[in-house]
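Breakdown of the fold
What follows is the residue order along each chain.
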Amino acid sequence: MEIHADDSKPVVLITGCSGGGIGHALARSFAANNCIVVATSRSRSTMVDLEDDPKFFLQKLDIQSDESVNRAVETVLNKFGRIDILVNNAGVPCFGPIADLPLSAIKNTFETNVFGSLRMIQAVVPHMAARKQGKIVNVGSIVALAPRPWSGAYAASKAALHALTDTLRLELSLFGIDVINVVPGLVKSNMLNSGISTYNSMSEWKLFKPLEAGFRKAHELTEKSQSSTPTDEYAKHTVAVILRKKPPAWFAYGKFTRIMAIMYHLPLCVRDFLYKKSLKL
């Protein structure tokens, strides 16, 4: 079924909408709020449940490819004439001790989490600037507030995205564009499953081999945590904030967001002590 442009409905382009993830839940929540939703993923098969729903316009999009990004943005602009909201949600995890992680894995994390978002921003901003309006939403992480052992590479990529978001908010305000940093807490999604799969595909640890079992146990406990926020709940609150006429610069929601905010403000010696004690380092 064809979706036609409607000036009363915001056109929202979301990256990383595969089933079971935050992007998928955000797509459904935007659609429930009377938006035209362009849901994207590297493979349309991961969004198969949205295929026949007239509220969604599905696009294959690889944010690591300039060609793919430009083609997808051009397709959306040709069909709807505008992009009102860009949500940079696509991301990949990277868990493990930095000294033992393959550099290729760390590079891939930054290529997706940082440079992939920048590709989307640079492709969409000229259009938004010409219209003097638009919203860019970058999905960060509470992990970046107080990086813990085994999550350094992922936390560094999200910290870089946070810094870029702060800069873009000031720069793009000149063109009437709002830039929002949304920071999920512990939210139930396929990210943790991807993380452990990424770990399993890596070569064996060397320096940190004696701690491998502890890492696996800690990761599996987090993955199975019953206290994590459901994706639908997270998406509902986040979308409501994004759709405000004047959205905040920063919005954090989900389990452990307050705890991590406190950790961020603690003296480093105290934070280090707490992490070492909890992880038995």
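Structure shown above.
One structure accompanies this document, and this report is about it. Numbering of residues starts from 1 in each chain and follows the order in which that chain's sequence is written. Residue-level local features of this predicted model are given only where pLDDT is at least 70; pairs of side-chain atoms are given and counted only at 80 or more, and the full residue set underlies all totals for whole chains, interfaces and linings. To get the side-chain values, take all heavy atoms of the structure and skip hydrogens and water.

Description of the sheet that holds strand β3 (residues 56-60)
- Strands pair, by our definition, only if DSSP identifies at least two bridges between them. Labels follow the DSSP assignment, with helices taken as runs of H or I lasting at least four residues and strands as runs of E lasting at least two, numbered in each case from the N terminus. The strand order across the open sheet built from seven strands is β3-β2-β1-β4-β5-β6-β7, with neighbouring strands paired in parallel fashion. What marks the edges here is a single partner per strand, and that holds for β3 and β7 (250-253). Neighbouring strand axes in the sheet, compared pairwise and without regard to direction, differ in orientation by 20° on average.
- Sheet topology places strand β1 (residues 11-14) next to strand β2 (residues 36-41); four bridges connect them, and they run parallel. Opposite Ile-14, over in β2, you have Ala-39 as the bridge partner.
- The criterion used for residue contact is that any of the two residues' heavy atoms lie within 4.5 Å. Think of each axis as a best-fit line through the C-alpha atoms, taken over the contacting stretch in the case of a helix, with angles from 0 to 180 degrees between the N-to-C directions. Against the sheet, helix α3 (residues 103-131) makes contact with β1, β4 (85-88), β5 (134-139) and β6 (177-184), and its axis sits at roughly 170° relative to β4, the strand it touches most.

Here's the deal with the nonpolar core
- Put simply, a nonpolar core is a bunch of buried Ala, Val, Leu, Ile, Met, Phe, Trp, Tyr and Cys residues held in one set by side-chain atoms that sit within 4.5 Å of each other. Whether a residue is buried, partly exposed or exposed follows from its accessible area with a 1.4 Å probe, protein chains only, as a fraction of its type maximum: under 20%, in between, or over 50%, in that order. The biggest cluster of nonpolar side chains holds 30 residues, and the ones touching the most others in it are Ile-14, Leu-26, Phe-30, Val-37, Ala-39, Val-87 and Val-182.
- Broken down by element, the residue count for this core peaks at six residues, all from helix α1 (residues 22-32).
- Residue contacts for Phe-30: discarding those within four places in its chain leaves Val-12, Ile-14, Cys-35, Val-37, Ile-85, Val-87, Val-239, Ile-242 and Leu-243.
- Counting residues in hydrophobic clusters, the runner-up holds 25 residues, among them Val-73, Phe-80, Leu-168 and Ile-177.

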